[in-house]
Amino acid sequence: MSEFSLALTEDQVTLQKWIHDFAETVMRPQAHEWDEREEVPYEFIQEAAKIGLYGWEFMAEMMLNDPSGQSMMVAQEELFWGDAGLGMAIMGTGLAVAGIAASGTSDQVAEWVPQCYGTPDDVAFGAFCASEPDAGSDVAAYRLRAKYDEAKDEWVLNGTKAWITNGGIADIHVVVAVVEPELRSKGHASFIVPPNTPGLSQGQKYKKHGLRASHTAEVVLEDVRVPGSCLLGGKEKLDARLARVREGKRGNSQAAMQTFEATRPAVGSQAVGVARAAFEFSLDYAKERKAFGRAIIENQSIAFILADMATEIDAARLLVRRAAWLGKQKKFKYAEGSMAKLKAGRVAVHSTERAIQILGGYGYTREYPVERWHRDSKIFDIFEGTEQIQQLVIARAISGIRIK
Ligand SMILES: Cc1cc2nc3c(=O)[nH]c(=O)nc-3n(C[C@H](O)[C@H](O)[C@H](O)COP(=O)(O)OP(=O)(O)OC[C@H]3O[C@@H](n4cnc5c(N)ncnc54)[C@H](O)[C@@H]3O)c2cc1C
């Protein structure tokens, strides 16, 4: 077991420099354009794939070869410092990969994860489809149904998913479906929908407040048939789990918490990246901008905003890094993954808003990036569990009471 340390290894420092350079020289110059276009930045993703930043090998290196859990945090922070919309365009596929890794067998991981990325010349995408139009936080209210056709050993999926990153444009859709409605959230299973499966289509593409270089859309499934082998984890395991739930045996909630908590620090790191971008930009601006014959940073009221931003960003990063380490050791106790994501999301929203304040009127225009960073930052309070859902998870973990 590794000890918790904030010191990065030599490899992690190299990784940080490599991604920072990409973020500064490739992402930043095109961020504004893709935000305005609100289209899938295929050329950009291809560029990332060509240097090895978008691909299953990169994800495997981040997720499997790092007992400290810090490499992924470093990578996410730098990418999202570059740009959140383009960052999500690269990282969105990772949600599908996490879904496959969480429930799939090793054969399924080996078969489907590379297909989520394709090749640098022909990039592919993965989408993780859980949320529905009438059920986001309330996962027990999912309605998309999967029924087993025993004669053909096929599953038939019907329903609609909402807010799906890469939804409809993905080659691999990982779909969470209800297999036994009476069991509510315990009666779910996840399925792979392979490329070009008839019956799956894209519904509306959302026009968003931020993160606009990342594609988000509805996914409609009408009599989508997938082979039995596409049930993640396999039928035997599903049947055994459902039988246990029917008998009233509780699932291993500790194991479930370790899984859910483990993805949250990465989202926290993304938020820290956006917050840091806003902090650095507004610090430089405050030193340059003159009012009343002096640099605005010479006023305590401006300097103190920056002091608070620096402190809050450091606090968020510390929580994120600790949570990433705890996740690797499977040692979450008080929902530290949720704590990290909750804090980092709030810090990103606050820091980007304060950055606009420091830039004054210029901050409110699209000529400067801070208004985009502010729009982008709000997502961290919403996806991968809203602010209130993180509070709920933490409140339950610290109290042992099923707070509602
Ligand atoms: C850009 C973007 C990308 C996304 N990508 C994906 C994706 O790839 N895959 C996917 O499956 N989903 C994705 N989502 C969906 C996202 O996870 C949901 O929007 C989120 O979980 C919230 O669900 P909801 O929008 O239905 O809000 P609701 O659950 O309806 O919540 C509305 C409000 O009520 C609050 N609330 C709800 N329940 C409670 C409670 N019990 N106690 C206190 N407050 C409560 C919430 O905190 C929120 O403030 C994405 C969303 C966006 C915006």
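Counting starts from 1 at the beginning of each chain's written sequence and moves along it residue by residue. Under the rules for a predicted model, residues below a pLDDT of 70 receive no local features and side-chain atom pairs below 80 are neither given nor counted, while totals for whole chains, interfaces and linings still include all residues.

Would you mind showing me how to read the overall build of the protein chain here?
We count a stretch as a helix when DSSP gives it H or I for four or more residues in a row; a strand needs E for two or more, and each element gets its number in order from the N terminus. Tallying secondary structure elements over the protein chain gives 12 helices and 11 strands in all. Every radius of gyration here is taken over C-alpha atoms, with the globule rule written as 2.2 Å times N^0.38, N being the number of residues. Here the protein chain has a C-alpha radius of gyration of 22 Å; the compact-globule value for 404 residues is 22 Å, and the two agree. Principal-axis analysis of the C-alpha atoms gives the protein chain an extent of 80 × 50 × 40 Å. Long-range pairs, those at least 24 residues apart, make up 74% of the contacts in the protein chain with a sequence separation of at least 6. Each residue gets a C-beta atom placed from its backbone, and two residues are in contact if those atoms lie within 7 Å.

Please explain the pairing of strand β6 (residues 172–178) as it appears in this structure.
Strand residues, when the strand is regular, have side chains that alternate between the two faces of the sheet. With C-beta atoms placed from the backbone, a residue counts as buried when 20 or more other C-beta atoms lie within 10 Å of its own, as exposed when 12 or fewer do, and as partly exposed for counts between those limits. In terms of burial, β6 is a largely internal element, seven of the seven residues being buried. The two faces of β6 match: Ile 172, Val 174, Val 176 and Val 178 on one face and His 173, Val 175 and Ala 177 on the other face are all buried. As defined by bridge partners, strand β3 (residues 126–129) adjoins β6 across four bridges and the pair is classed as parallel. Within β6, the residue paired with Gly 126 across the bridge is Ile 172. DSSP-based pairing: two strands are paired if at least 2 bridges between them are found.

Can you help me understand the nonpolar core in this one?
Side chains of a nonpolar character, in soluble globular proteins, are inclined to be buried together. Linking buried Ala, Val, Leu, Ile, Met, Phe, Trp, Tyr and Cys residues through C-beta atoms within 7 Å yields a set, and such a set is a nonpolar core. With 111 residues, the main nonpolar core has Leu 157, Val 175, Phe 191, Ala 271 and Ala 275 as its most contacted residues. Leave out the neighbours within four places in its chain, and Val 175 touches Cys 129, Leu 144, Leu 157, Lys 161, Ser 190, Phe 191, Val 193 and Leu 221.

Can you help me understand the site of the ligand in this one?
Every one of the 21 residues lining the ligand counts as a neighbour, but Ala 130, Gly 136, Ser 137, Thr 386 and Gln 388 are closest to it. The set of elements that each furnish at least two residues to the shell around the ligand consists of β3, β5 (154–165) and α12 (387–399). Of the residues belonging to the shell around the ligand, the class tally is 12 nonpolar, seven polar and two charged. Domain start and end points were adopted from an automatic or database domain assignment. Looking at which domains feed residues into the shell around the ligand, each of domain 2 (126–246) and domain 3 (253–399) gives three or more. Nearness is defined per residue: the C-beta atom, placed using the backbone, must lie within 6 Å of the molecule or strand. Note on residue classes: Ala, Val, Leu, Ile, Met, Phe, Trp, Tyr, Cys and Pro are nonpolar, Asp, Glu, Lys and Arg are charged, and everything else, Gly too, is polar.

When you look at the domain arrangement of the protein chain in this model, what are you seeing that I'm missing?
How big an interface is tends to be stated in terms of accessible area lost as the parts join. Here the domain parsing of the protein chain yields domain 1 (10–123), domain 2 (126–246) and domain 3 (253–399). Summarising the inter-unit geometry, the C-alpha centres of domain 2 and domain 3 are found 31 Å apart. Of the residues lining the interface, four residues belong to domain 2; the matching set on domain 3 comes to six residues.

Whenever I open this one, the packing of helix α10 (residues 336–359) against helix α11 (residues 370–377) confuses me. Can you help?
The axes of two packed helices give the description: the angle between them and the distance between them. Where α10 meets α11, the closest approach of the two axes is 8 Å, and the angle between their N-to-C directions is 160°. Classed by the angle they form, the pair α10 and α11 counts as roughly antiparallel. As for the relative orientation of α10 and α11, their crossing is left-handed in sense. Of α11, the residues touching α10 (which contributes Ala 348, Val 349, Thr 352, Glu 353, Ala 355, Ile 356 and Leu 359) are Val 370, Glu 371, Trp 373, His 374 and Ser 377. Partitioning the contact of α10 with α11 into residue classes produces seven nonpolar, three polar and two charged. Every angle, taken between N-to-C directions, lies between 0 and 180 degrees, and every axis is a line fitted to C-alpha atoms, over only the stretch in contact when it is a helix. These descriptions rest on fixed angle ranges, namely under 35 degrees for roughly parallel, over 145 for roughly antiparallel, 65 to 115 for roughly perpendicular, and the rest for oblique. When the near helix sits turned anticlockwise from the far one by under a right angle, the crossing is termed left-handed; a clockwise turn instead gives a right-handed crossing.

Explain α10 to me, please; I cannot follow it from the model alone.
Given 3.6 residues per helical turn, the α-helix brings residues three or four places apart onto the same face. For α10, with 24 residues, the first-to-last C-alpha span of 34 Å sits near the 34 Å given by 1.5 Å per residue. Across the 24 residues that make up α10, a large majority, 20, are buried. Looking at the residues trailing α10, positive phi occurs at Gly 360, about 60°. The span expected for a helix works out to 1.5 Å for each residue beyond the first.

Whenever I open this one, unusual backbone geometry confuses me. Can you help?
The phi angle of most residues is negative, glycine excepted, and most peptide bonds adopt the trans form. A positive phi angle, close to 55°, is found at Glu 38, a residue other than glycine. Take Glu 38: it is sitting in the loop between α1 (10–37) and α2 (42–50). Its 15 C-beta neighbours within 10 Å are what place Glu 38 among the partly exposed residues. Backbone geometry at Asp 153 places phi at a positive 50°, although glycine is not the residue there. Along the polypeptide, Asp 153 turns up in the loop between β4 (145–149) and β5.

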